[in-house]
Amino acid sequence: MFLVTGCAGFIGSSLVRKLLIKKKKVIGIDNLSTGNRKNMNSFLKDKNFFFFKRDIKKLDSIKKLFKNVKVVFHLSANADVRFGPQNLDLDLKENTLGTFNVLESMRLNSVKEILFSSTGSIYGETNVIPTPENCPFPVQTSLYASSKLACESLIQSYCEYFDFKSWIFRFVSILGPGYSHGHVYDFYKQLKRDCKKLKVLGDGYQTKSYLHVDDCLDAIFLAYKKSKSKINIFNLGTDETITVRESINVITNYLGFNPKCIYGKSNRGWAGDNPLIYLDTKKIRSLGWKNKFTIKESLEHTLQYLIDN
């Protein structure tokens, strides 16, 4: 039995779908605060899927669901970095406290394996580019990244204390069908309202790597299969980057628009936004993984999903 937290979210619902295709039995937990029930429409009635609307911030409401579970995929989190300064304890509660409750539920039910979605943002504004997993940690730049780093530490401590095994994945931003928030969503929404004007947070030279959700999940499954240390940490991303301005060109060309772009003056879009995220992915590639989709293809798949939905 597999258990997926955040099963109604973008990555979580995509993961559940793949597990069910593999004929696995899956328990899904989501409080539907940011996850959407429609993301589960294709499998909600599958006989091997068992959905529970629960809040992982409340230990008593979830701990019994971990009985007879073999592996936990912990994807539930507040994933929008931008609004940390407006809601200072959101990341602490949703990410760090929620992760503690997941770990406690595992301990109480003798569940020993956890796969966790972390973030490339935990590297802060590092000078080591591309950034490997063993890069020295600089000063943290967002409450979101700080909370995720705390989650990683909690997981590692439980591995030492209680003989857990963990797989920690530090993602770049994920794109593809099911995408629900981020710059592509924001730009698409703006352009649907007014195709002649586009307001951009920051100067547009922010440079990031992105990864298609299918490539992300392939990497997760491969790492789980082939890497068997007590603590396994992997960067997940592509070996290419794209600026916001280049991304806008892909988006507007795909949609057939030619808007006037209004850029900000800062080299970041918001407080905590890292101007450059580019991860070293040699470790996951050494297991035989390679991404099937370029960033441009991932952007176009995302746009087509938004158009269709």
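Scope of this entry: the structure provided in the associated data block.

Reading guide: rules and limits
- Residues numbered from 1 in each chain as written.
- Predicted model: local features only at pLDDT ≥ 70, side-chain atom pairs only at ≥ 80, totals over all residues.
- Heavy atoms only, no water.
- Helix = DSSP H or I, 4+ residues; strand = E, 2+ residues; numbered from the N terminus.
- Rg over C-alpha atoms; globule rule 2.2 N^0.38 Å.
- Contact = heavy atoms within 4.5 Å.
- Areas by Shrake-Rupley, 256 points an atom, 1.4 Å probe, with all protein chains shown as cover.
- Buried < 20%, exposed > 50% of the residue type's maximum accessible area, 1.4 Å probe, protein only.
- Pairing = 2+ DSSP bridges.
- Salt bridge = Lys/Arg side-chain N within 4 Å of Asp/Glu carboxyl O.
- Lys, Arg positive; Asp, Glu negative; His and termini not counted.
- Arc of directions from axis to C-beta.

So, on to the overall build of the protein chain. For the protein chain, the helix and strand inventory stands at nine helices and 14 strands. For a compact globule of 309 residues, the expected C-alpha radius of gyration is about 19 Å, and the protein chain comes in at 19 Å, within 12% of that figure. For the protein chain, the share of sequence-separated contacts (at least 6 apart) that also reach a separation of at least 24 residues comes to 80%. Accessible area for the protein chain stands at about 14400 Å²; split by element, carbon and sulfur atoms hold 52% of it.

So, about the pairing of strand 4 (residues 71-74). A regular strand places its side chains so that they alternate between the two faces of the sheet. Every second residue of strand 4 is oriented toward a common face, with Val71 and Phe73 on one face and Val72 and His74 on the other, all of them buried. Direction of pairing for strand 1 (residues 2-5) relative to strand 4: parallel, over a ladder of four bridges. Looking at strand 4, one finds that phenylalanine 2 is bridged to valine 71. In terms of strand pairing, strand 4 meets strand 5 (residues 113-119) through four bridges, oriented parallel. Opposite valine 71, over in strand 5, you have glutamate 113 as the bridge partner.

Once that is clear, we can look at the sheet that holds strand 14 (residues 276-277). If you trace the three strands from one edge of the open sheet to the other, you get 12-9-14, paired in mixed fashion. Of all strands in the sheet, those with a lone pairing partner are strand 12 (242-243) and strand 14, marking the two edges. Here strand 9 (residues 207-208) runs beside strand 14; their pairing, made up of two bridges, is parallel. In the sheet register, threonine 207 faces strand 14, and the bridge partner there is leucine 276.

As a further point, take the pattern of salt bridges. Taken as a whole and assessed by the stated rule, the structure comprises 13 salt bridges. With its nearest N and O atoms 2.7 Å apart, the salt bridge here joins arginine 170 to glutamate 152. Within this pair, whereas arginine 170 is found in strand 6 (residues 165-171), its partner glutamate 152 is found in helix 4 (residues 143-162), the two being separated by 18 residues in sequence. Side by side, arginine 170 and glutamate 152 carry an identical accessibility label, which is buried. What emerges from the salt-bridge pattern is a single network uniting Asp55, Lys57 and Glu94.

Moving on to the side chain of glutamate 133. Residue position: glutamate 133 is located in the loop between strand 5 and helix 4. Buried within the structure, glutamate 133 lacks any salt-bridge partner; lysine 283 is the closest side chain of opposite charge, at an N-O distance of 5.5 Å.

Moving on to the environment of glycine 204. Structurally, glycine 204 can be placed in the loop between strand 8 (197-200) and strand 9. Assessed through its relative accessible area of 0%, glycine 204 is described here as buried. The spatial distance from the C-alpha of glycine 204 to the C-alpha of leucine 306 is 22 Å, given a sequence separation of 102 residues.

The next subject is helix 5 (residues 183-193). Along helix 5, the residues that are buried comprise His183, Val184, Phe187, Tyr188, Gln190 and Leu191. Buried residues along helix 5 cover an arc of 165 degrees about the axis, so they all sit on one side. Residues Lys192 and Arg193 are exposed on helix 5 and point more than 90 degrees away from its buried face. Structurally, helix 5 contributes buried residues whose contacts are with strand 7 (173-175), strand 8, strand 10 (210-212), helix 7 (244-255) and helix 9 (295-308).

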